[in-house]
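# Examining the three-dimensional arrangement
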Amino acid sequence: MTALTRQQEQGATTPEQAPLLDVRDLRVHFPTADGVVRSVDGVSFSVAKGETLSIVGESGSGKSVTAQAILGLHRRGRGVVSGQIMLDGTDLMTIDDESMRRLRGDHVAMVFQDPLSAFHPYYRIGSQIVEAIHSHRQISGESARTLAVEMLDMVGIPNPKARFDQYPHEFSGGMRQRAMIAMALVNEPKLLIADEPTTALDVTVQAQILSLMRDLQTELGTANIVITHDLGVVANIADRVMIMYAGKVAETGSVGEIFAAPEHPYTWGLLGSAPRLDLPRLERLAAIPGSPPSLINVPPGCSFHPRCAFRDDRLGCGSTVPELKASTGTHPVRCHLPGDRRRVLFADPADPADPADAPGDSGDSGGLGDPDGDPADLGGVGGLGDDGPGGVGGSSIATLSITASAEPGAAVDATPLLRVTNLQKYYPQYTRKLLRRAAPPVRAVDGITFDVRAGETLGLVGESGCGKSTAGRAMLRLLEPTGGTVEFKGEDITRLDGQRLRRLRRHMQMVFQDPFGSLNGRQTVGAIIATPFKIQGISPEGGIRHAVRELMDRVGLNPEHYNRFPHEFSGGQRQRVGVARAIALKPDLIVCDEPVSALDASIQAQVINLLKDLQEESGVAYVFIAHDLSVVRHIADRIAVMYLGRVMEEAPWDVLCERPLHPYTHALLSAVPIPDPEHEARRERILLSRDLPSPQNPPSGCVFRTRCLEARERCAAEVPERRELRPGHFVACHFPHEATAVLTGRP
């Protein structure tokens, strides 16, 4: 049952219902040498029993600090906490530390964003769950173990008795998150707080976790607070939504109200910046200009006004803090614009009713925004309330005719820029016994083949562990391939020696997943961007400093920040530094390894738009690696789907997303959340059972068969060949078929 269905059956929370959690005027301030950080500044909300409230906003909006304040995690820090937090009649602000410890984990529990960091690596999973039980219950060790095993079984951990004695590193990411949920719920708390519970997970695992949380809420009756920046997750699981910006509530209402009729321009921007599988692909994502403000120096008036394309100083947007209030027939919103004008703007954002000029990037805020600052860039969300693509019906499957269709595939270039043929990367393994013996190797990349043409983007998608990043590094020879060939401009780079390979590297660059870890923290961004010039011994016209400042301006960074260090930039800005470094020598090919997976949707849209602009200007080709098909669909010309080191399917983006043939592609597409609660309520999902098999011991025949819902005897006996079933559409499956309706609901 989806959140929208629950809401329709139960009805909205009424004032007569006593809320389980009632927060009033919560403030959390942190005094620092530079000033007071107002992380949470006057937040009020409530959560009823059995209800799910989603708190949404960009990084730095105060979401996690709000949750930590409820748990009393700022008591011994430097934070100054004020306001009222009532949990089932108890004021958490007035009880002592010992009472708070008794409540924490028993009445209120939390699921943290990174389960690998939240679990202690030295202790077994089971012993950590037992410790949580013994902290609140006086029961025997055997009874606690039995309860822990039952809880692991309830959250879907396979073979829970054996898994009880394993360490966190022996669990996959999805299993660790399930174990974290088990530990949080083992004492049956009344309130569960989940802080970005699916952010670091693949879409397939994310779908499993969301389904699990809904089922457990129905079974245990807990109230949930889900903190996220993913509006697709919100549409899937929430009953009510609270949008936060710069420590304040910008807008709050039911999930239906927020998605069908949002009132705040910030919410419009969040909705418009998210790529969607169910709507036509746009040329540009509607990125929100600029960056969230510093919580030490929050802008006067409405804190969103420096980024708002519809600000009007005559209404006090830049001088007076707006109140959180509801106009006639609407939900509460913090905005100076009159309600009727907001509704007109939302319906037709490209033709605003006398808006103020849209601001560009502010030098003071170090913004990342679209240099055009076009008000229309906040558009693209008006169709959310339309009768656009409907929901998903049954899983009707059309049998594929093996005869090639007449529809055109991708344009064929006789000489591709990059040709990868049967690429392999194996990692040798050895036994841990006294006499080390060779064990089966880890087949990270196991014979993949594809081409990349000049000026095009190939998307490489799949779950974590499927070999995407290894393939990207191997094709640049950052990792030495075990076998196969990689031809760049007709030359096999696997045979080049060090000097020739270094010269070739100026034409092949990489943007890494972690923008902070890939930048030297001891160097200024100017020195980092200048590195390619120095390595290649190139002196650009006007000097290196001049060239670097031009590159910073080109990627939307302020050239005046040349001497700043990486930690002084936001995540999106750091990723722009990585892009500037990659394009410095005007390469022909850039491998982008998960370049936006760690970014908020609004900043993600800015980086994707930047990459597309650079491609239009220079003709650079991209290999864009990601696990989210909605993101890849927006930027790619063709998409290759990887699973356990092999390519399962490859096709032009529109064909693969609308008429996929491989069961694994079906599952990936169905797992991507759609930011539309009505769509999510009608949608069916293909939930993959089990975890990704070990690449050291892959299944026989088709490697996907152990998780495939349609596997047959032939799948275990024969490895499927890569076949071109339509022009430009390759698939490695014995029984390919279409299942479009299950995935996107497109007509």
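Keep in mind that this is a model prediction, so the values were computed, not measured.

So, on to the overall build of the chain. Summing up its helical and strand segments, the chain has 25 helices and 26 strands in all. Considering the chain as a whole, with its 747 residues, one finds that 55% of them fall into the buried category. Considering only intrachain contacts with a sequence separation of at least 6, the fraction spanning at least 24 residues in the chain is 69%.

When you line up the elements, histidine 729 lands in strand β25 (residues 729-731). Using a relative accessible area of 0% as the deciding quantity, one classes histidine 729 as buried. At 2.6 Å, the side chain of histidine 729 and the side chain of glutamate 649 are in polar contact. Every residue in contact with histidine 729, bar those within four places of it in the chain, is listed here: Glu649, Glu650, Ala651, Val655, Arg659, Leu661, Arg723 and Glu724.

If you walk through the whole model with that rule in mind, you get 34 salt bridges. Residue aspartate 41 pairs with arginine 27 through a salt bridge whose shortest N-O separation is 2.8 Å. Here arginine 27 lies in strand β1 (residues 21-32) and aspartate 41 lies in strand β2 (residues 35-47), a separation of 14 residues in the sequence. On the basis of relative accessible area, aspartate 41 is assigned to the buried category, the value being 15%.

A regular strand places its side chains on the two faces of the sheet in alternate fashion. For strand β8 (residues 223-228), the tally of buried residues reaches 6 of 6 residues, placing the bulk of the element in the interior. Where strand β3 (residues 52-56) meets β8, 5 bridges bridge the pair, whose relative direction is parallel. In the strand pairing of β8, leucine 53 is matched with isoleucine 225.

Mapped onto the fold, leucine 519 is located in the loop between β19 (508-511) and α16 (525-536). For the pair leucine 519 and valine 577, spaced 58 residues apart in the sequence, the C-alpha separation amounts to 8.5 Å. In this view, leucine 519 contacts Ile528, Pro566, Arg574, Val577 and Arg581; residues no more than four positions away in its chain are not counted.

What follows deals with the sheet that holds strand β4 (residues 80-87). Across the sheet, 4 strands lie side by side as β2-β1-β4-β5; this open sheet has antiparallel pairing. One side of each edge strand has no neighbouring strand; the edge strands of this open sheet are β2 and β5 (90-91). Pairing analysis gives 2 bridges linking β4 to β5, with the strands arranged antiparallel. Bridge assignment links methionine 86 to a residue of β5, and that residue is aspartate 91. Packing against the sheet, helix α2 (residues 63-70) makes contact with β1, β2 and β4, and its axis sits at approximately 110 degrees to β1.

The next point concerns the side chain of aspartate 41. One polar contact links aspartate 41 to arginine 27, side chain to side chain, over a distance of 2.8 Å. Once you skip the residues sitting within four places of it in the chain, aspartate 41 turns out to touch Leu26, Arg27, His29, Gly247 and Lys248.

For arginine 646, the location among the structural elements is in strand β23 (residues 646-652). Between the C-alpha atoms of arginine 646 and arginine 443, which are 203 residues apart in sequence, the distance is 9.6 Å. The contacts of arginine 646, once residues within four sequence positions are left out, are Asp446, Ile448, Val641, Gly701, Val703 and Val719. At a separation of 3.2 Å, a polar atom in the side chain of arginine 646 contacts the side chain of aspartate 446.

Summed over the entire model, instances satisfying the criterion amount to 7 aromatic pairs. Residues tryptophan 268 and phenylalanine 310 carry aromatic rings whose centres are separated by 5.6 Å and whose planes lie at 75 degrees to one another, so their mutual orientation is edge-to-face. Here tryptophan 268 is found in helix α12 (residues 265-273), whereas its partner phenylalanine 310 is found in the loop between α12 and β11 (324-325), with 42 residues between them in sequence. Here the two residues tryptophan 268 and phenylalanine 310 agree in accessibility, since each one is buried. Ring pairs connect the aromatic residues Tyr245, Tyr266 and Phe304, which therefore count as one cluster. Its end group placed over the ring of phenylalanine 171, arginine 163 keeps NZ or CZ at 5.4 Å from the ring centre.

Below, the discussion takes up the packing of helix α18 (residues 571-583) against helix α19 (residues 601-618). Look at α18 against α19: their axes get within 10 Å of each other, and the N-to-C directions meet at 15 degrees. Taken together, α18 and α19 sit at an angle that is classed as roughly parallel. In the packing of α18 onto α19, the handedness of the crossing is right-handed. Only Ile603, Gln606, Val607, Leu610, Leu611 and Leu614 of α19 make contact with α18, whose side of the interface consists of Gly572, Gln575, Arg576, Val579 and Ile583. Grouping the amino acids of the contact of α18 with α19 by side-chain chemistry returns 7 nonpolar, 3 polar and 1 charged.

If you trace the 8 strands from one edge of the open sheet to the other, you get β19-β20-β21-β16-β22-β23-β25-β24, paired in mixed fashion. Looking along the sheet, the strands with just one partner apiece sit at the ends: β19 and β24 (723-726). Across the sheet, the axes of successive neighbouring strands diverge by a mean angle of 20 degrees, strand direction being ignored. Where β24 meets β25, 3 bridges bridge the pair, whose relative direction is antiparallel. If you follow arginine 726 over to β25, its bridge partner there is histidine 729.

Calculation rules
- Residues numbered from 1 in each chain as written.
- Predicted model: local features only at pLDDT ≥ 70, side-chain atom pairs only at ≥ 80, totals over all residues.
- Heavy atoms only, no water.
- Helix = DSSP H or I, 4+ residues; strand = E, 2+ residues; numbered from the N terminus.
- Buried < 20%, exposed > 50% of the residue type's maximum accessible area, 1.4 Å probe, protein only.
- Contact = heavy atoms within 4.5 Å.
- Polar contact = N/O pair within 3.5 Å; in protein donor to acceptor, adjacent residues only side chain to side chain.
- Salt bridge = Lys/Arg side-chain N within 4 Å of Asp/Glu carboxyl O.
- Pairing = 2+ DSSP bridges.
- Axes fitted to C-alpha atoms, helices over the stretch in contact; angles between N-to-C directions.
- Phe/Tyr/Trp six-rings, centres within 6.5 Å; stacked < 30°, edge-to-face > 60°.
- Lys NZ or Arg CZ within 6 Å of the ring centre and 35° of its normal.
- Parallel < 35°, antiparallel > 145°, perpendicular 65-115°, else oblique.
- Left-handed = near helix turned anticlockwise from the far one by under 90°.
- Nonpolar A, V, L, I, M, F, W, Y, C, P; charged D, E, K, R; others polar.

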